[in-house]
Amino acid sequence: MLLAAILFTLGLIGLIARRNLVFVLMSLEIMLNAAGVAFIAAGARWGQPDGQIMFLFILAMAAAEVSVGLALVLQLYHRFKTLDDEAPSEMRG
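Residues numbered from 1 in each chain as written. Predicted model: local features only at pLDDT ≥ 70, side-chain atom pairs only at ≥ 80, totals over all residues. Heavy atoms only, no water.

Undergrad: Looking at this structure, I do not really get the overall build of the protein. What am I missing?
TA: From N to C terminus, the protein includes three helices and zero strands. N-terminal to C-terminal, the α/β element order of the protein is α-α-α. Taken over C-alpha atoms, the radius of gyration comes to 16 Å for the protein, far larger than the 12 Å a tight globule of 93 residues would show. Taking the principal axes of its C-alpha atoms as reference, the protein extends roughly 55 × 25 × 20 Å. (Helix = DSSP H or I, 4+ residues; strand = E, 2+ residues; numbered from the N terminus. Rg over C-alpha atoms; globule rule 2.2 N^0.38 Å.)

Listed below in structure tokens is the structure:
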């Protein structure tokens, strides 16, 4: 559980500190993996397979998040020629 907490904290710091959209997506992946490690550890602690089942759902959600996130990043890069997360907020209405 300590490893999951450390990974989640690192992902949260990366999410808050970075301005590049690719690093933001990587930080989200680290946070999702930390949640998966926490489910695995809790399932192993109590001897239940529920943690492994939840980890499979987390993997599926992470794969969907990556595909949609990278598609959005590519569209934003083609439109604004930057990966800065402040660029879309400067869009004209």
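Undergrad: Sorry if this is basic, but what is going on with the packing of aromatic side chains here?
TA: When we look at a pair of aromatic rings, we describe it by the centre distance and by the angle of the planes. Enumeration according to the criterion identifies zero aromatic pairs in this entry. When the ring centre of Phe23 is taken as origin, the NZ or CZ atom of Arg18, which lies over that ring, is 4.5 Å away. (Phe/Tyr/Trp six-rings, centres within 6.5 Å; stacked < 30°, edge-to-face > 60°. Lys NZ or Arg CZ within 6 Å of the ring centre and 35° of its normal.)

Undergrad: Mind showing me how you'd approach the side chain of Glu29 here?
TA: Positionally, Glu29 belongs in helix α2 (residues 21-46). Buried charged residue Glu29 carries no salt bridge. Nearest counter-charge: Arg18, at 16 Å. Ignoring any residue separated from it by four or fewer positions in sequence, one finds Glu29 in contact with Ala62, Glu65 and Val66. (Buried < 20%, exposed > 50% of the residue type's maximum accessible area, 1.4 Å probe, protein only. Lys, Arg positive; Asp, Glu negative; His and termini not counted. Salt bridge = Lys/Arg side-chain N within 4 Å of Asp/Glu carboxyl O. Contact = heavy atoms within 4.5 Å.)

Undergrad: Mind showing me how you'd approach the confidence of the model for the protein here?
TA: In regions of low pLDDT, the predicted coordinates are not meant to be interpreted in detail. For the protein, the mean per-residue pLDDT works out to 91, and 97% of the residues sit at or above 70. Looking over the protein, one finds the lowest element-wise mean pLDDT in helix α3 (residues 50-80), namely 92, and the highest in helix α1 (residues 2-17), namely 95. (pLDDT = per-residue confidence, 0-100.)

Undergrad: So what exactly am I meant to see when it comes to the pattern of salt bridges here?
TA: Close approach of charged atoms allows side chains of opposite charge to pair. Tallying each qualifying case throughout the model produces two salt bridges. Of the charged contacts, one joins Arg19 and Asp84 as a salt bridge, the two residues approaching to 3.7 Å between their closest N and O atoms. Placement of the pair is Arg19 in the loop between α1 and α2 and Asp84 in the segment after α3, with a sequence separation of 65 residues. By relative accessible area, Arg19 is classed as partly exposed at 45%. Its relative accessible area of 28% is what places Asp84 among the partly exposed residues. Salt-bridge contacts for Arg19 lead to Glu86; the nearest nitrogen and oxygen are separated by 3.4 Å.

Undergrad: For this particular structure, what's the right way to read the environment of Pro49?
TA: Assignment of secondary structure puts Pro49 in the loop between α2 and α3. Taking the C-alpha atoms as reference points, Pro49 and Phe39, separated by ten residues in sequence, lie 9.7 Å from one another.

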